[in-house]
Amino acid sequence: MTNPAAYLDSASSEPLHPAAREALLAALDQGYADPRRLHRPGRNARLILDNARAATAEALGVRADEVSFTSSGTDAVHRGLLGLLRAYDARRVAHSAVEHSAVLHALEWWPGQAESVPVDQSGRIVGPMPDADVLVLQSANHEVGTVQPVASVGTPLFVDACASMGRLPLPDGWAAAAGSAHKWGGPAGVGVLLVRKGTRWLNPFPGDDRTDERTTGFENIPAALAAAAALQAVVAERDEVNARQFAMVDRIRAAAGAIPDTQVVGDPVDRLPHLVTFSCLYVNGEQIVEALDRRGFGVASGSACTASTLEPSHVLAAMRVLTHGNVRVSLARDTTDAEVDAFCAVLPEVVTEIRAEHDL
Amino acid sequence: MNTATLELDCRGQVCPMPVIELGRRIIDVEVGEVLAVVADDPAARHDVPAWCRMREHEYVGEDTADDGAPRFLVRRLA
């Protein structure tokens, strides 16, 4: 199988941004030493790490001392959320039913009581969050793109901003928040943990003696710099890129919606600019992903048959929409109009072919 | 256990096969009658109700077959 000509799965991982590549290559030779050491290579490494932190803070509109680099977005979610729960001695937490599995796994591991708050058919949380010691809400949904109404409510709030960081301004109201560099065009293996100045937070895991008490292990300094460079570039470009991607996604939504018995899900307007999800009745999710791959389009699916767990997407289930025949399309920064046109042309053929096998 | 006019044995079938069977066989019951889908695929629990919303039939609920397999009940409305 050849690589997809059109990679439409940036929500799983965005290709490396040119700014990240440049920063990474430059930092690889300079950022090898231990940033705690007082020798020159150590000072160089420390300088690069501090620059990465400052650039990330500036791009997000936060303070530099609120930024920590973790080993992944998942690690940032686990540390951010569990660190709040520990610091506030929480017994009860409330979260939307459509949080990323990183949040759900952290709460399964945590011994307290977690309440799942339902969402409407667009995937948006319904009503005010219930009374709890800590609240958890994503900035935008990673599978369907719907933006959540994140707001400060007086209770410590953890915001999983992995799906939107860089693409949309960071919503206000968080006590702690998390991002993932490979979702915006930085390298994988870099997460961003934000802990608001003045917020109580205690490391939920064994500590370490690094420069940043919120993290453990030797920092990947070149990757952190590359992540910061990509974030700055994405923020600088986002007005133009978002408008272009938003219009492309509108076209894909229309093309998918024109296929009989196809549910295009997620909010059509208040959404991530680059992402759309739809489900085709009577279609096998694995089959449609493979059929599109054969035609050169790389997409993701939340259907059970494409999941390692063989469970359907908990996001689609919570939205009470079809979980089978599901396709998530997410545009890369350099996705072209021609690629979108080609995808929109191929999609109805693929669905019709698969349905024909079932004599429907 | 609810009374179903027709029961479809979709044990061992993976999505979307139970819903395809449901779509094919709903016309085999009269309007107002209940069709049961016995399916152990985890997606059926979500997709049978979702199909009912799309096709404007009534999702009656879930019970279990004699062997404990999940059984999903659909009332034909049109």
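The rules behind these values
Residues numbered from 1 in each chain as written. Chains lettered and ligands numbered in written order. Predicted model: local features only at pLDDT ≥ 70, side-chain atom pairs only at ≥ 80, totals over all residues. Helix = DSSP H or I, 4+ residues; strand = E, 2+ residues; numbered from the N terminus. Rg over C-alpha atoms; globule rule 2.2 N^0.38 Å. Buried ≥ 20, exposed ≤ 12 C-beta atoms within 10 Å, placed from the backbone. Contact = placed C-beta atoms within 7 Å. Axes fitted to C-alpha atoms, helices over the stretch in contact; angles between N-to-C directions. Parallel < 35°, antiparallel > 145°, perpendicular 65-115°, else oblique. Left-handed = near helix turned anticlockwise from the far one by under 90°. Nonpolar A, V, L, I, M, F, W, Y, C, P; charged D, E, K, R; others polar. Domains from an automatic or database assignment. Core = buried A, V, L, I, M, F, W, Y, C linked by C-beta atoms within 7 Å. Pairing = 2+ DSSP bridges. pLDDT = per-residue confidence, 0-100. Expected span 1.5 Å × (residues − 1). Bend = angle between axes of the 7 residues up to and from the residue.

Draft legend 1. Main features of the overall build of chain B. Helix and strand counts for chain B come out as 2 helices and 4 strands. Rg of the C-alpha trace for chain B: 11 Å, near the compact-globule value of 12 Å for 78 residues, within the 12% margin. The C-alpha extent of chain B, read off along each of the three principal axes, is 30 × 25 × 20 Å. Expressed as a percentage of its 78 residues, the buried residues of chain B come to 41%. Considering only contacts within chain B whose residues lie at least 6 apart along the sequence, 63% involve residues at least 24 apart.

Draft legend 2. Geometry of the overall build of chain A. For chain A, the helix and strand inventory stands at 8 helices and 12 strands. For chain A, the C-alpha atoms occupy an extent of roughly 70 × 50 × 35 Å along the three principal directions. Expressed as a percentage of its 360 residues, the buried residues of chain A come to 54%. The long-range fraction of contacts in chain A, counting pairs at least 24 apart against all pairs at least 6 apart in sequence, stands at 65%.

Draft legend 3. Geometry of the packing of helix H2 (residues 40–60) of chain A against helix H5 (residues 221–257) of chain A. Residues and elements named next belong to chain A. The N-to-C vectors of H2 and H5 enclose an angle of 25°; their axes lie 8 Å apart at closest approach. Relative to H5, the element H2 lies roughly parallel. Of the two possible hands of crossing, H2 and H5 adopt the one that is left-handed. Judged by residue contacts, Ala45, Ile48, Leu49, Asn51, Ala52, Ala55, Thr56 and Ala59 of H2 engage Ile221, Ala224, Leu225, Ala228, Leu231, Gln232 and Val235 from H5. Residues belonging to the contact of H2 with H5 are distributed by class as follows: 12 nonpolar, 3 polar and no charged.

Draft legend 4. Inspection of the packing of H5(A) against helix H8 (residues 337–357) of chain A at higher detail. All names here are of chain A. Two numbers describe how H5 lies on H8: the axes approach to 9 Å, and their chain directions differ by 10°. As summarised for this structure, H5 and H8 are arranged roughly parallel, according to the angle between their axes. From H5, Met248, Arg251, Ile252, Ala255 and Ala256 reach across to H8, where they touch Asp337, Val340, Phe343, Cys344 and Leu347.

Draft legend 5. Spotlight on the interface of chain A and chain B. Taken residue by residue, the interface counts 19 residues in chain A and 13 residues in chain B. Taken together, the residues that form the side of chain A that touches chain B break down as 10 nonpolar, 6 polar and 3 charged.

Draft legend 6. View of the domain arrangement of chain A. Residue and element names in this part refer to chain A. Along its sequence, chain A is organised into domain 1 (6–13 + 238–357) and domain 2 (18–234). Between the C-alpha centres of domain 1 and domain 2 there is a distance of 27 Å. Among the secondary structure elements, those contributing two or more residues to the side of domain 1 that touches domain 2 are H5, strand E10 (275–280) and helix H7 (314–319). Among the residues forming the side of domain 1 that touches domain 2, the class breakdown is 10 nonpolar, 7 polar and 7 charged.

Draft legend 7. Examining the nonpolar core more closely. If you look at the biggest cluster of nonpolar residues, it comprises 138 residues, and the most contacted ones within it are Phe158(A), Ala224(A), Leu225(A), Ala226(A), Ala227(A), Ala230(A) and Val37(B). A per-element tally of this core places H5(A) first, with 17 residues. Each of domain 1 (6–13 + 238–357) and domain 2 (18–234) of chain A gives at least three residues to this core. With residues up to four places along the chain from it excluded, the contact list for Val37(B) reads Leu8(B), Cys10(B), Pro18(B), Leu22(B), Ala44(B), Val48(B), Phe72(B) and Val74(B).

Draft legend 8. Representation of the sheet that holds strand E6 (residues 157–160) of chain A. All names here are of chain A. The 7 strands lie next to each other as E2-E8-E7-E6-E5-E3-E4, forming an open sheet whose pairing is mixed. Since the sheet does not close on itself, it has two edges, and those belong to strand E2 (67–70) and strand E4 (113–117), each with one partner. Strand-to-strand twist across the sheet, computed as the mean angle between neighbouring axes with direction ignored, equals 20°. In this fold helix H3 (residues 73–87) packs onto E2, strand E3 (92–96), strand E5 (134–138), E6, strand E7 (176–180) and strand E8 (191–195), with an angle of close to 170° to the strand it touches most, E7.

Draft legend 9. Spotlight on the confidence of the model for chain B. Confidence along chain B averages 94 in pLDDT terms, with 97% of residues attaining 70 or more. Two numbers describe this predicted complex: its pTM, 0.95, and its ipTM, 0.93.

Draft legend 10. Expanded view of H5(A). Its 37 residues give H5(A) an end-to-end C-alpha distance of only 45 Å, which falls more than 12% under 54 Å, the value for a rise of 1.5 Å per residue. Its maximal kink placed at Arg238(A), H5(A) deviates by approximately 65°.

Draft legend 11. A look at the pairing of strand E3 (residues 58–64) of chain B. All names here are of chain B. In this sheet, strand E4 (residues 70–75) lies alongside E3 in antiparallel orientation, the contact comprising 6 bridges. By the bridge assignment for E4, Tyr59 is matched with Val74. Linking E3 back to E4 in an antiparallel pair, the connection comprises 5 residues, with Gly68 at a positive phi of about 90°.

Draft legend 12. Spatial organisation of helix H1 (residues 17–25) of chain B. Those residues of H1(B) that fall on the buried side of the exposure criterion are Pro18(B), Val19(B), Ile20(B) and Leu22(B). The inward-facing, buried residues of H1(B) contact strand E1 (6–9), strand E2 (34–38), helix H2 (44–55) and E4 of chain B.

Draft legend 13. Structural view of unusual backbone geometry. Looking along the chain, the bond that leaves Cys15(B) and enters Pro16(B) is cis, with omega of 5°. Positionally, Pro16(B) belongs in the loop between E1 and H1. Residue Tyr282(A) is not a glycine yet carries a positive backbone phi of 65°. With phi around 60°, Glu56(B) is a residue other than glycine that occupies positive phi space.

Draft legend 14. Main features of the sheet that holds strand E9 (residues 262–265) of chain A. All names here are of chain A. Across the sheet, 3 strands lie side by side as E9-E10-E12; this open sheet has antiparallel pairing. The two strands at the open ends of the sheet, each matched to only one other strand, are E9 and strand E12 (326–330). In this sheet, neighbouring strand axes are inclined to one another by 20° on average, regardless of whether the strands run parallel or antiparallel. Here E10 pairs with E12 via 5 bridges, running antiparallel. Its bridge partner lying in E12, Phe278 is registered against Val327.

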